[in-house]
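Residues per chain are reported as follows:
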Amino acid sequence: SQQGEEDPQALSIQEGENATMNCSYKTSINNLQWYRQNSGRGLVHLILIRSNEREKHSGRLRVTLDTSKKSSSLLITASRAADTASYFCATSFNNDMRFGAGTRLTVKP
Amino acid sequence: GAGVSQSPSNKVTEKGKDVELRCDPISGHTALYWYRQSLGQGLEFLIYFQGNSAPDKSGLPSDRFSAERTGGSVSTLTIQRTQQEDSAVYLCASSRRDRGGEQYFGPGTRLTVT
């Protein structure tokens, strides 16, 4: 399946710590995207990394992509309580895109 | 500033009734998607529209589910003879062109079948 799989399923950290979430997939990709979801409602796009890119930054977010291992990681540095949410990776290939099951991140104040 | 909107935001219906969920995508977005999300779970893909046609409806769980899109804009997801297992949040998203780009999500419709 092309669908990404995140791990861990749940992550709990203290405010100020870094949070790392991983995504693995099985097939080729054109790009991989990370999304965030608060309170079970709409998802918000965070960052897109193309298959020929290895690393991307956006504010406190850092995404890496290793196509040889078919994996990606999302790092949130200096976490805040407001970062508490579910984070999903989505893999895109040949006009198809599928979401993983997500990682539930809790940042304790 | 128009994002993706969905209506209703919440719908409670009795088992066996039909429901219609509506999605207004961002103006000019040609691609539109419907997903379903059960409590605490990931996104389950239902159907993808490019313009008014649906090249991928592989995710529709049964023939009780159907969707249409008119004028390359508004889409309606219809669930006939609702069952309790249909209870979930139904999310709509749109994107500018094809399926591989950034998707913009609506706030979802929470459907509860009693």
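Residues numbered from 1 in each chain as written. Chains lettered and ligands numbered in written order. Predicted model: local features only at pLDDT ≥ 70, side-chain atom pairs only at ≥ 80, totals over all residues. Heavy atoms only, no water.

Q: Talk me through the overall build of chain A; I want residue IDs and the actual numbers.
A: A tally of regular secondary structure across chain A gives zero helices and 11 strands. Of the regular secondary structure in chain A, the N- to C-terminal order runs β-β-β-β-β-β-β-β-β-β-β. Each of the three principal axes of chain A carries a C-alpha extent, and together these read 40 × 25 × 20 Å. Here chain A holds 109 residues, and 44% of them are scored as buried. Taking the intrachain contacts of chain A between residues at least 6 apart in sequence as the baseline, contacts between residues at least 24 apart amount to 55%. Of the accessible surface of chain A, which amounts to about 5,100 Å², a share of 45% is contributed by carbon and sulfur atoms. (Helix = DSSP H or I, 4+ residues; strand = E, 2+ residues; numbered from the N terminus. Buried < 20%, exposed > 50% of the residue type's maximum accessible area, 1.4 Å probe, protein only. Contact = heavy atoms within 4.5 Å. Areas by Shrake-Rupley, 256 points an atom, 1.4 Å probe, with all protein chains shown as cover.)

Q: Tell me about the interface of chain B and chain A, residues and numbers included.
A: Taken together, the 25 residues of chain B in the interface contact 20 residues of chain A. In total, chain B and chain A occlude about 1,600 Å² of area from one another, counting both sides; carbon and sulfur atoms represent 45% of this. By the criterion of area lost to chain A, the three top residues of chain B are Leu43(B), Arg99(B) and Phe105(B), representing 30% of everything that side buries. The interface formed by chain B and chain A includes one salt bridge. A salt bridge links Asp56(B) to Arg98(A); the nearest nitrogen and oxygen atoms lie 3.4 Å apart. Linking chain B with chain A are six residue pairs in polar contact (both at pLDDT 80 or more), by the criterion used here. Secondary structure elements with two or more residues in the side of chain B that touches chain A: β4 (31-37), β5 (44-50), β9 (88-95) and β11 (109-113) of chain B. Looking at side-chain class alone, the side of chain B that touches chain A contains eight nonpolar, 12 polar and five charged residues. (Buried area = accessible area lost by both parts, 1.4 Å probe. Salt bridge = Lys/Arg side-chain N within 4 Å of Asp/Glu carboxyl O. Polar contact = N/O pair within 3.5 Å; in protein donor to acceptor, adjacent residues only side chain to side chain. Nonpolar A, V, L, I, M, F, W, Y, C, P; charged D, E, K, R; others polar.)

Q: Quick rundown of the packing of aromatic side chains? Include the residues and the values.
A: Scanning all chains against the criterion turns up eight aromatic pairs over all chains. Measuring from centroid to centroid gives 5.8 Å for Phe99(A) and Phe105(B), while their planes differ by 80°, and the two rings are edge-to-face. Of this pair, Phe99(A) sits in strand β10 (residues 96-99) while Phe105(B) sits in strand β10 (residues 104-105), each in a different chain. Taken together through their ring pairs, the aromatic side chains of Tyr35(A), Phe99(A), Tyr33(B), Tyr35(B), Phe45(B), Tyr48(B) and Phe105(B) make up a single cluster. (Phe/Tyr/Trp six-rings, centres within 6.5 Å; stacked < 30°, edge-to-face > 60°.)

Q: Give me the environment of Gln50(B): which residues, what numbers.
A: Residues and elements named next belong to chain B. You can see Gln50 is positioned in strand β5. Residue contacts for Gln50: discarding those within four places in its chain leaves Thr30, Ala31, Pro55, Arg97 and Asp98. At 2.7 Å, the side chain of Gln50 and the side chain of Thr30 are in polar contact.

Q: So what about the nonpolar core? Which residues, and what values?
A: By size, the foremost hydrophobic cluster in this structure holds 20 residues, and its most contacted members are Met21(A), Leu32(A), Trp34(A), Leu74(A), Ile76(A), Tyr87(A) and Leu105(A). Put simply, the parts of the chain that give this core at least two residues each are β3 (19-24), β4 (31-37), β5 (43-50), β7 (61-66), β8 (71-76), β9 (85-93) and β11 (103-108) of chain A. If we ignore the near neighbours within four places in the chain, the residues touching Met21(A) are Asp7(A), Trp34(A), Ser72(A), Ser73(A), Leu74(A), Ile76(A), Tyr87(A), Thr103(A) and Leu105(A). Judged by nonpolar contacts, the second largest core, of 19 residues, contains Val19(B), Leu60(B), Phe65(B) and Ile79(B). (Core = buried A, V, L, I, M, F, W, Y, C linked by side-chain atoms within 4.5 Å.)

Q: Outline the pattern of salt bridges, supporting the account with residue identities and numerical values.
A: Side chains that differ in charge, positive against negative, can pair when their charged atoms come close. Inspection of the entire model under this criterion finds 10 salt bridges over all chains. Note that Glu5(A) is salt-bridged to Lys26(A), the shortest N-O span being 3.3 Å. Linking Glu5(A) in strand β1 (residues 5-7) with Lys26(A) in the loop between β3 and β4, this pair joins segments that are 21 residues apart in sequence. Judged by its relative accessible area of 44%, Glu5(A) falls in the partly exposed class. Across the pair Lys17(B) and Glu14(B) runs a salt bridge, and its minimum N-O distance is 3.7 Å. For Lys17(B), a relative accessible area of 44% translates into the label partly exposed. Residues participating in the shared-partner salt-bridge network are Arg36(A), Arg60(A) and Asp83(A).

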